[in-house]
Amino acid sequence: MGVAFTMRGVVVTAALLLAAAGVAEAGPDLGNWRVDAGNDGQVTASLYATNKLITGGGALGYSPVLTLACRPGGEPRWSEWLQLNDSVSASRKITMSVMVDGGGKFDESWSIGPRGKMLVRDGADGIKRLVSASRLLLSWRFGLLSGRGEADFELAGLSEAIGQMAASCNTDPP
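Note that the structure is predicted; figures quoted are calculated from it, not measured.

### What about the layout of surface pockets?
Reported here for the largest pocket is a volume of approximately 170 Å³. Taken together, Asn32, Arg34, Asp36, Thr44, Ser46, Leu47, Tyr48, Val65 and Thr67 form the lining of the largest pocket. Elements supplying a minimum of two residues to the lining of the largest pocket: β1 (34-37), β2 (43-48) and β5 (65-70). Of the residues forming the lining of the largest pocket, the biggest block, four residues, is contributed by β2. Along the lines of polarity and charge, the residues of the lining of the largest pocket split into three nonpolar, four polar and two charged.

As structure tokens, then:
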């Protein structure tokens with residue numbers, strides 16, 4: 001019985017050493033960010049909100065997704081968007097309230113994407129403000145009578161994700 005326990009201990013120790021070696025070679029810690037390269041050369045980093053929004057019927061909840069994007073050529077080179085399951089009842093622009101790291105709120109103009117389920121902001125300045133941040137809170141109106149939506153994001157690993165995106169796009173980080 002002692003030999004079997006020792007052999008099991010050796011196997012467990014070897015497995016732990018292999019796992020630790022794999023972690024050491026895994027690269028930067030991207031937190032919960034998922035970085036992907038598309039067929040068109042665009043590189044994205046996506047993150048689910050920590051909170052849930054209730055869908056129109058009230059039966060299901062979902063977490064909005066924040067996506068940062070980098071294009072290797074052309075303008076705008078950097079952009080960000082918020083993917084929703086419920087549509088926003090606005091035609092072209094929406095005012096988004098933004099709070100970074102619990103500081104004061106400020107408003108930005110975001111464009112309405114396809115079917116009103118995507119809010120988009122182009123430019124590196126929006127991403128630049130997030131590089132050293134740890135938390136982002138976005139708030140918007142779904143419509144005149146529809147109430148507000150809010151998405152809360154824990155940004156751990158963002159600077160590493162942006163660095164990886166910039167390298168893939170062959171550009172400087174914002």
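Read on, since the account is not over.
### Notes on the sheet that holds strand β7 (residues 93-100)
Spatial ordering of the open sheet is given by β1-β2-β5-β6-β9-β8-β7-β10-β11, a layout of nine strands whose pairing is antiparallel. Two strands close off the open sheet at either side, each with one partner strand: β1 and β11 (147-154). Each strand of the sheet is rotated relative to its neighbour by a mean of 30°, with strand direction disregarded.

### Description of the environment of glutamate 150
Its place among the elements puts glutamate 150 in strand β11. The exposure class of glutamate 150 is partly exposed, given its relative accessible area of 37%. Every residue in contact with glutamate 150, bar those within four places of it in the chain, is listed here: Asn51, Leu53, Leu137, Leu138, Ser139 and Trp140.

Parameters and conventions
- Residues numbered from 1 in each chain as written.
- Predicted model: local features only at pLDDT ≥ 70, side-chain atom pairs only at ≥ 80, totals over all residues.
- Heavy atoms only, no water.
- 1 Å grid on protein atoms, 1.4 Å probe; cavity = no way out; pocket = protein on both sides within 12 Å on 5 of 7 lines; lining within 4 Å.
- Points joined across faces, edges and corners; volume = space filled by probe spheres on them.
- Helix = DSSP H or I, 4+ residues; strand = E, 2+ residues; numbered from the N terminus.
- Nonpolar A, V, L, I, M, F, W, Y, C, P; charged D, E, K, R; others polar.
- Pairing = 2+ DSSP bridges.
- Axes fitted to C-alpha atoms, helices over the stretch in contact; angles between N-to-C directions.
- Buried < 20%, exposed > 50% of the residue type's maximum accessible area, 1.4 Å probe, protein only.
- Contact = heavy atoms within 4.5 Å.

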